[in-house]
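Each chain, letter by letter, is given below.
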Amino acid sequence: MNVKDKVIMITGAGGGLGGEMARLLCKNGAKVYILDLDEEKGQATADEIVRGGGWARFIRADVTSEADWQAAVDAAVGECGRLDVLVNNAGINIRKPVEEMSIDEWCTMMKVNTGSAFLGCKYAIPVMRGQGGGAIINTSSVCGLIGHKYTPEAYTASKGAVTMLTKAIASRYARDGVRCNSIHPSTVDTPLVRERLKDPQFYAERLGEVPLGRLATAEDVAGAVLYLASDEAAFINGVALPIDGGVTCY
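Residues numbered from 1 in each chain as written. Predicted model: local features only at pLDDT ≥ 70, side-chain atom pairs only at ≥ 80, totals over all residues. Heavy atoms only, no water.

A.B. asks: I'd like a description of helix H5 (residues 153-173), backed by residues and values.
C.D. replies: In this model, H5 (21 residues) spans 30 Å end to end at C-alpha, consistent with the 30 Å of a helix rising 1.5 Å per residue. Taken residue by residue, H5 has Ala154, Tyr155, Thr156, Ser158, Lys159, Val162, Thr163, Thr166, Ile169, Ala170 and Tyr173 as its buried positions. (Helix = DSSP H or I, 4+ residues; strand = E, 2+ residues; numbered from the N terminus. Expected span 1.5 Å × (residues − 1). Buried < 20%, exposed > 50% of the residue type's maximum accessible area, 1.4 Å probe, protein only.)

A.B. asks: Which residues make up the pairing of strand S2 (residues 31-36), and what are the values?
C.D. replies: For S2, a buried count of five out of six residues is recorded, marking the element as mostly surrounded by other parts of the structure. Here strand S1 (residues 7-11) runs beside S2; their pairing, made up of five bridges, is parallel. Directly across from Ile10, in S2, lies its bridge partner Ile34. Assessed by its sense of winding, the connection that carries the chain from S1 through helix H1 (residues 16-27) to S2 is right-handed. Pairing between S2 and strand S3 (residues 55-60): six bridges, direction parallel. The residue bridging Val32 from the neighbouring strand is Ala56, located in S3. Traced from S2 through helix H2 (residues 39-51) to S3, the parallel crossover comes out right-handed. (Pairing = 2+ DSSP bridges. Right-handed = clockwise from strand over helix to strand, strands pointing away.)

A.B. asks: A description of the pairing of S1 should follow, citing residues and the corresponding values.
C.D. replies: Strand residues, when the strand is regular, have side chains that alternate between the two faces of the sheet. Within S1, five of the five residues are buried, which leaves it mostly tucked inside the rest of the structure. Alternating residues of S1 divide into Val7, Met9 and Thr11 and Ile8 and Ile10, and every residue in both groups is buried. Note: S1 against strand S4 (residues 85-88), three bridges, orientation parallel. In the strand pairing of S4, Ile8 is matched with Val85.

A.B. asks: Outline the pattern of salt bridges, supporting the account with residue identities and numerical values.
C.D. replies: Summed over all chains, the structure comprises 11 salt bridges. Glu66 serves as the salt-bridge partner of Lys122, at 3.0 Å between the closest nitrogen and oxygen. Here the residue Lys122 occupies a position in helix H4 (residues 103-131), and Glu66 occupies one in helix H3 (residues 66-80), the gap between them amounting to 56 residues. Given a relative accessible area of 39%, Lys122 falls into the partly exposed group. Relative accessible area serves as the criterion here: at 35%, Glu66 is assigned to the partly exposed category. Note that Lys96 is salt-bridged to Glu105, the shortest N-O span being 2.6 Å. (Salt bridge = Lys/Arg side-chain N within 4 Å of Asp/Glu carboxyl O.)

Here's what the structure looks like:
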């Protein structure tokens, strides 16, 4: 997949899925800006990539802050002259059912999961339009496609909003050469999830719903981002791409 010399910004890239995305994109020749609130993790990921011969920069950013978004985009454009791809990956999950969640917690979920994607689009699109195009990839979830009985309602609502924000951006800004797509992972095999899989009920729920019989890996998700960011995906726009082993096919 051709992403060589593309300037790519990824939020929530200090570790986990975002970190794997950054490593794979850099391995394929991209220049990656790592945005994260956790300075230690974000800088460590950037340093690891640079030691391996890749190009990476860390920018500490609160993705719910307009000022931080403006500063991050300005930094990338100032150094590289462009911004080719934005991956809105940052997100949180307050694991409470709707009858136990406060309105403040609900609003926090929306501000981080949906608001950060909105702000990323707001500040990236003018740059992409001015340079003749670009690509935005929003990390949603299988919960952005279906009502998921094991997942808190607020998370599902926030990811559903990301799904439709993606389609709205794709339809309006395609004329400016800006593509926008969303990815929809099911439960991903990360160290945190492995701990939770020790709970027999959680194991039965999450593994049992996947027709392929295994959980998604971080590499599975990063591979989809690599494709959507690449030249090979030049005619892919407004797509909600499940990375779920078939969870949403029922």
